[in-house]
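Working through the structure, step by step
Next come the chains, spelled out residue by residue.
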Amino acid sequence: MQFSEKILNTPSSFIRNILKVTDSEDVISFAGGLPNPISFPIEALKASANHAITENGSRLFQYSSTQGYAPLREYIAAKYRRVHGLDIHADDVFITTGSQQALELLGKVLINKGDGIVIEEPGYLGAIQAFTLSEPTFHGVTLENDGLNLEELEKALQQPNVKFVYTVPNFQNPTGLTYSKEKRQQICEIMSKYDVALIEDDPYGELRFQGEPLPYIGAGKLEHSILLGSFSKTVTPGMRLGFIITKNKELLQHIETAKQATDLHTNIFAQYVIYDYLANNDYMEHVQKIIALYKNQADAMLNAMEEFFPAHVDYTRPEGGMFIWATMNNGASSVDVFQKAMEQKVAFVPGDPFYTSKTDVNTMRLNYTNATPEVIREGIKRLGSIL
Ligand SMILES: Cc1ncc(COP(=O)(O)O)c(C=O)c1O
């Protein structure tokens, strides 16, 4: 059988492949990016599933609208009005099968083969994968401690046929970094000079355990602003519910066509259940519990790094989310370190798959949300001795 160039050129998920080796019981794994299962509100979701079926009967089991369940879209819009002060209405919200699907749909709708996508370097692996299917030209822009490098951003925006800039402004995957307020304003000013969309992908924004929430870069300010959100990190990833928010009606129309072609609509059962859950539970109280859990785990990892990592290793100090990013300033290869670490039964994700233009890098992603503080300390101790 002959396969398309587009699939042959798309990287298979490095992390999913790594997880096959790191999944064994005796490995301390910082490789995954999964929410901690103890954060899933299982009892409340059980009640919501029953309640939603009793209230709505066959509607949970029928085909449904492509944009998504209207009350859920209104709930999301109301939250963005209340929390972020944005003029968002249900018509500006489009439900997707996880925010991962939003990335793939945006690629389909906006990218011709060879068109430019500006992406953080390092950037979210799943976005690189989703966009690669549209055969773009990637323009990587260095992600600094406070956000994108501005000179590189301007230069990238001047390349031919650039369609959008993709960012994760809060507790970025893979680095855990958050854009500063100043950088957000500067990026917004730069973007306002170009006819290029800004995607702000924000699945972690609510999981802030330190510092003040910051306004979005372009939402409410830039004409071509696209916000992405998800219930994966705060309620459940398994139900696959994410959303796109944009005021651009033409864009939404094209997304609707692409979504019809892909899967007609997002799982309607899941949309009813999550809506019932959100309407009948104290969501913010639930999120606060996740924040407390992850803060404790992040502190355990940072304290252990302080104790066991050699001076040539720098690492980020996230204010929220699920990841720490470490850089080995002695130029060691993270793939080599990964192999040594596996011998000591400790795992992480080597930095390579997060770059569109580099290999054999000296960086690594460490996830802290899936182990107890004691196990985190032991894993970092082992890693420290290898480093
Ligand atoms: C930055 C970012 N965007 C999108 C996703 C996809 O999330 P989901 O499709 O579960 O909403 C993830 C998941 O890890 C992510 O880290």
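Residues numbered from 1 in each chain as written. Predicted model: local features only at pLDDT ≥ 70, side-chain atom pairs only at ≥ 80, totals over all residues.

**Points about the environment of Val141**
- For Val141, the position within the fold is in strand E4 (residues 137-144).
- Measuring from C-alpha to C-alpha, the distance between Val141 and Leu106 comes to 20 Å, with 35 residues separating the pair along the chain.
- Apart from residues lying up to four places away in sequence, Val141 is in contact with Val118, Glu120, Glu121, Leu148, Asn149, Glu152, Leu153 and Ala156. (Helix = DSSP H or I, 4+ residues; strand = E, 2+ residues; numbered from the N terminus. Contact = placed C-beta atoms within 7 Å.)

**Considering the site of the ligand**
- Close to the ligand lie 14 residues, the nearest being Gly98, Gln100, Asn173, Ser230 and Ser232.
- Among the elements that take part in the shell around the ligand, helix H5 (residues 98-110) stands out by supplying three residues, more than any other.
- Residue composition of the shell around the ligand, by class: four nonpolar, nine polar and one charged. (Near = placed C-beta within 6 Å. Nonpolar A, V, L, I, M, F, W, Y, C, P; charged D, E, K, R; others polar.)

**Considering the sheet that holds strand E8 (residues 225-230)**
- Strand order across the open sheet formed by eight strands is E2-E9-E8-E7-E6-E3-E4-E5, with mixed pairing between neighbours. On the outer flanks of this sheet lie strand E2 (93-97) and strand E5 (147-148), each paired with one strand and no other.
- Summarising the sheet, strand E7 (residues 197-201) and E8 pair through four bridges and their orientation is parallel. Among the inter-strand pairings, Ile199 is bridged to a residue of E8, identified as Ile226. (Pairing = 2+ DSSP bridges.)

**Notes on the domain arrangement of the protein**
- If you check the domain split of the protein, you get domain 1 (5-41 + 285-386) and domain 2 (58-280).
- Placing a centre on the C-alpha atoms of domain 1 and another on those of domain 2 gives a separation of 24 Å.
- The interface is formed by 34 residues belonging to domain 1 together with 34 residues belonging to domain 2.
- Considering each element in turn, the side of domain 1 that touches domain 2 owes the most residues, six residues, to helix H11 (residues 283-308).
- Within the side of domain 1 that touches domain 2, the residues separate by chemical class into 19 nonpolar, eleven polar and four charged. (Domains from an automatic or database assignment.)

**Side note on the sheet that holds strand E13 (residues 349-350)**
- Taken together, the four strands give an open sheet; going across it, the order is E10-E11-E14-E13, and neighbouring strands pair in antiparallel fashion. The sheet is open, and its two borders are formed by strand E10 (313-315) and E13, each paired with just one other strand.
- As defined by bridge partners, strand E11 (residues 323-328) adjoins strand E14 (residues 363-367) across five bridges and the pair is classed as antiparallel. Note on E14: the bridge partner recorded for Thr327 is Thr363.

**Points about the nonpolar core**
- Counting 67 residues, the largest nonpolar core has Val118, Phe164, Leu198, Ile199 and Ile274 as its most contacted members.
- At seven residues, helix H10 (residues 268-280) tops the list of elements feeding residues into this core.
- If near-sequence neighbours (up to four positions away) are discounted, Phe164 is found in contact with Leu110, Ile117, Val196, Ala197, Leu198 and Ile199.
- Counting residues in each nonpolar core, the second largest holds 34 residues, with Phe30, Ala326, Met328 and Val349 among its members. (Core = buried A, V, L, I, M, F, W, Y, C linked by C-beta atoms within 7 Å. Buried ≥ 20, exposed ≤ 12 C-beta atoms within 10 Å, placed from the backbone.)

**Let's talk about the packing of H5 against helix H9 (residues 249-263)**
- Interaxial distance between H5 and H9 falls to 9 Å at its minimum, and their mutual angle equals 110°. Compared by their axis directions, H5 and H9 come out roughly perpendicular. Contacts from Leu105, Lys108 and Val109 in H5 reach Leu251, His254, Ile255, Ala258 and Lys259 in H9.
- Across the contact of H5 with H9, the residue classes tally to five nonpolar, one polar and two charged. (Axes fitted to C-alpha atoms, helices over the stretch in contact; angles between N-to-C directions. Parallel < 35°, antiparallel > 145°, perpendicular 65-115°, else oblique.)

**Thoughts on helix H4 (residues 70-84)**
- Helix length check: H4 (15 residues) gives 21 Å between terminal C-alpha atoms against 21 Å at 1.5 Å per residue, within 8%.
- Residues of H4 that are buried include every one of Leu72, Arg73, Ile76, Ala77 and Tyr80, and no others. Buried positions in H4, seen along its axis, are confined to an arc of 135° and lie on one side of it.
- Following H4 by one or two positions, Gly85 has its phi on the positive side, about 65°. (Expected span 1.5 Å × (residues − 1). Arc of directions from axis to C-beta.)

**A word on the pairing of E4**
- Bridge count for strand E3 (residues 116-121) against E4 is six bridges, and the pairing is parallel. Looking at the pairing, Ile119 lines up with Gly140 of E4.
- Alignment of E4 against E5, held across two bridges, turns out to be antiparallel. Each bridged residue has a counterpart across the sheet, and for Glu144 the counterpart in E5 is Gly147.
- Linkage of E4 to E5, two consecutive antiparallel strands, is achieved through a turn of two residues.

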